[in-house]
Amino acid sequence: MTILKRRTLITMLLMGLIFVSCSNDDDEELLGNWIRKSSFDGPARSSATSFVIGSYAYVATGYTGDEYLKDLWAYNSDGDYWEQKADFTGIARSSASGFELDGNGYMGLGYDGTNRLKDFYQYNPDSNIWTQKADFAGSARYSAVGFQVGGKAYFGTGYDGNFLKDFYQYEAGSDSWTQVNGFSGNKRRNASVFTIDDKAYLVAGINNGMYQVDFWMFDPSTDTWTKKRDIDQDDDDDESYNDDYVIVRSNASAFSMNGLGYLACGESSKTIWEYNPSTDVWEEKTALEGSGRTDAIGFSINERGFVLLGRSGSSYYDDVWEFKPQDEQNDDDN
């Protein structure tokens, strides 16, 4: 056998080994199943806002690609259907922030196509009425996070012409905002938050074109932030820490259920990762069975997790998916 033929054979064998290795990795089965639910009754959109009250999720505002919206829809998770409610009374917008507090929904901030906003509103589900409240005390901004944890509600981060990392607490009784401790991480917009056991977890986002990998936990009882493990690949020798993380992203959807957190989609991605606070480790689950998307909504209702709406390029979605993290993926149930 000539030297050239011997080299060619060795090269082919090495390529075959690489192919087999990659195929085995790609074929690894992940746990989790997605069930398609009743489609959203309003126009398809991205960058909408949501809050959950009881067994209902409320979805408001957003952008269709042509129009900024101010409609409000309620999803009945028990009956799997949508009802239109009173339109939001502020300016139509996208990339607003919201939370639930004491049985009412709250929403504010955002972008109306020209201006960054700082107005703030309360929605009463019993009367189906919106009421304007005190303006947000920070700068007008969009793509901030909003959350309620431990009976306290917050807005923070976002973009006001500068990437931000400040946080403010809202007090419903006095209708007032108070600046609270920010975290020691990087500034960002389009981050994601989920809550577990009266702690909030802030993850992902973007700052000046760079995806953020630092990951933080907030304890409202002490008003302190604690840094958790970064969400990029591991550089240490801790074998319990996954060294194949591909979690880094922005504009993702987040929710929690049964003591675990979930981060899904973003930048037309379909992947979803599960976070276990007891180990501070993420595990990849079965990717969304619908189209990959960014600027979607994620929420949980009574320990049930959902991802809906969003866009990919110029395509806007109105589909709704429920995630079953402990079920095996089934191609035949949608």
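The preceding data block contains the structure.
Conventions we followed
Residues numbered from 1 in each chain as written. Predicted model: local features only at pLDDT ≥ 70, side-chain atom pairs only at ≥ 80, totals over all residues. Heavy atoms only, no water. Helix = DSSP H or I, 4+ residues; strand = E, 2+ residues; numbered from the N terminus. Contact = heavy atoms within 4.5 Å. Areas by Shrake-Rupley, 256 points an atom, 1.4 Å probe, with all protein chains shown as cover. Buried < 20%, exposed > 50% of the residue type's maximum accessible area, 1.4 Å probe, protein only. Pairing = 2+ DSSP bridges. Phe/Tyr/Trp six-rings, centres within 6.5 Å; stacked < 30°, edge-to-face > 60°. Lys NZ or Arg CZ within 6 Å of the ring centre and 35° of its normal. Axes fitted to C-alpha atoms, helices over the stretch in contact; angles between N-to-C directions. Core = buried A, V, L, I, M, F, W, Y, C linked by side-chain atoms within 4.5 Å.

Participant: So what's going on with the overall build of the protein? Residues and values would help.
Facilitator: The helix and strand tally for the protein stands at one helix and 28 strands. Sequence separation of 24 or more characterises 50% of the internal contacts of the protein that already satisfy a separation of 6 or more. Carbon and sulfur atoms provide 44% of the accessible area of the protein, an area that totals close to 15,100 Å².

Participant: Can you explain the pairing of strand E21 (residues 260-264)? Please cite residues and give values.
Facilitator: Regular strands place their side chains on alternate faces of the sheet. For E21, the buried fraction is high: five of the five residues fall into the buried class. Side chains Leu-260, Tyr-262 and Ala-264 of E21 all project onto a buried face; the interleaved residues Gly-261 and Leu-263 project onto the opposite face, where all are buried too. The pairing of strand E20 (residues 253-257) with E21 spans five bridges and is classified as antiparallel. Pairing of Phe-255 across the sheet is with Tyr-262, part of E21. Where E20 folds back onto E21 in an antiparallel hairpin, the turn is made up of two residues, including Asn-258, whose phi is positive at roughly 55°. Where E21 meets strand E22 (residues 272-276), four bridges bridge the pair, whose relative direction is antiparallel. Across the sheet, the residue bridging to Tyr-262 is Glu-274, located in E22.

Participant: Now, about the packing of aromatic side chains: what can you tell me, with residues and values included?
Facilitator: Applying the stated criterion across every chain, the model contains 52 aromatic pairs. Pairing Phe-167 with Trp-225 gives two aromatic rings, centres 5.0 Å apart and planes at 50°, and the pair type is tilted. Placement of Phe-167 in strand E12 (residues 163-171) and of Trp-225 in strand E19 (residues 224-228) is noted, with a sequence separation of 58 residues between them. Given the relative accessible area of 1%, Phe-167 is considered buried. Here Phe-183 and Trp-225 contribute two aromatic rings whose centre-to-centre distance is 5.3 Å and whose plane-to-plane angle is 50°, an arrangement assigned as tilted. Linking Phe-183 in the loop between strand E13 (176-180) and strand E14 (192-196) with Trp-225 in strand E19, this pair joins segments that are 42 residues apart in sequence. Taken as a pair, Phe-183 and Trp-225 share a single burial class, namely buried. Positioned over the ring face of Tyr-317 is Arg-293, at 4.5 Å from the centre of the ring.

Participant: Which residues make up the sheet that holds strand E10 (residues 145-149), and what values do they have?
Facilitator: Two modes of strand pairing occur in sheets, parallel and antiparallel, and in both the strands are linked by backbone hydrogen bonds. Strands sit in the order E10-E11-E12-E13 across an open sheet of four strands; the sheet is antiparallel. Whereas interior strands pair on both sides, the edge strands pair on one side only; in this sheet they are E10 and E13. Geometrically, the sheet is characterised by an average inter-axis angle of 30° between neighbouring strands, direction not taken into account. Two elements, E10 and strand E11 (residues 152-159), share five bridges in a ladder whose sense is antiparallel. When the bridges of E11 are listed, Gly-146 appears paired with Phe-155.

Participant: Just give me the short version of the nonpolar core, but keep the residues and values in it.
Facilitator: Phe-194, Val-203, Phe-215, Leu-263 and Trp-282 are the most contacted members of the largest nonpolar core, which totals 17 residues. At the level of elements, E14, strand E15 (199-203), strand E18 (215-219), E22 and strand E23 (281-285) are the ones that each hand at least two residues to this core. Setting aside anything within four residues of it in sequence, one finds Phe-194 in contact with Lys-199, Ala-200, Tyr-201, Val-203, Phe-215, Ala-254, Phe-255, Ser-256, Gly-261, Tyr-262, Tyr-275 and Trp-282.

Participant: A description of the sheet that holds E19 should follow, citing residues and the corresponding values.
Facilitator: Ordered in space as E14-E15-E18-E19, the four strands form an open sheet in which the pairing is antiparallel. Edge strands, defined here as strands with exactly one partner in the open sheet, are E14 and E19. Across the sheet, the mean angle separating the axes of adjacent strands is 25° when strand polarity is ignored. Both E15 and E18 contribute to a ladder of three bridges, which runs antiparallel. When the sheet's bridge partners are listed, Ala-200 is paired in E18 with Phe-218.

By themselves these figures say nothing about function.
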